[in-house]
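# Notes for the structure review
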Amino acid sequence: MKSQNFKNHVRMHPIYHYIGAPLVTVVFIATVVNLIMAIFRGEGILTALLWLAITLGLFITFSLVRLYSTKMQDRIIRSEENLRHYTLTNTMLNSRLTIQQIIALRFASDDEFPALCERAIKENLQPKDIKKAVKHWRGDYYRV
């Protein structure tokens, strides 16, 4: 795997992002269209409603799988970065740091991490600005 940096750190999973998400979206739209057509025809409405319910369940499940996995990773990142900050400074992360800031701070090397944490608080840096401020990038190759 090539070295990560600000320009290439976003991870797209081709099967999820380019096949699964469009497929679920197209099927959901098709079932809505099918229901509308069934209503206009006056027949097959129950079957169309059943397919819509199944597709809606698939759509919700597909969305929640992604949401839950990223939420879990966010919690793990917060714990890891809290431990790293404690190891480096003997203090926990400042509670004013948002989870999005902490997620962005994980890319900072140990040498710049504590100072960048303080700067993020003082200047209320956005995650994108934090990532741009990192001089020595520390890759995260396990993010989903």
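Now for a description of the structure that goes with this document. (Residues numbered from 1 in each chain as written. Predicted model: local features only at pLDDT ≥ 70, side-chain atom pairs only at ≥ 80, totals over all residues. Heavy atoms only, no water.)

### Examining unusual backbone geometry
With a phi angle near 70°, asparagine 90 is a residue other than glycine that sits in the positive phi range. Inspection of the secondary structure puts asparagine 90 in the loop between helix 2 (45-89) and helix 3 (99-105). Positioned with a positive phi, asparagine 124 is a non-glycine residue whose angle comes to about 50°. Among the structural elements, asparagine 124 can be located in the loop between helix 4 (113-122) and helix 5 (127-133). A relative accessible area of 52% places asparagine 124 in the exposed class. (Helix = DSSP H or I, 4+ residues; strand = E, 2+ residues; numbered from the N terminus. Buried < 20%, exposed > 50% of the residue type's maximum accessible area, 1.4 Å probe, protein only.)

### Some points on the pattern of salt bridges
Within the structure shown, the criterion is met by five salt bridges. Here glutamate 81 makes a salt bridge to arginine 84, at a shortest N to O gap of 2.8 Å. Taken as a pair, glutamate 81 and arginine 84 lie in helix 2 at a separation of three residues, close to a single helical turn. A relative accessible area of 9% means that arginine 84 is categorised as buried. Here arginine 106 ties to aspartate 140 by a salt bridge, and the two come within 2.6 Å at their closest N and O atoms. Linking arginine 106 in the loop between helix 3 and helix 4 with aspartate 140 in the segment after helix 5, this pair joins segments that are 34 residues apart in sequence. (Salt bridge = Lys/Arg side-chain N within 4 Å of Asp/Glu carboxyl O.)

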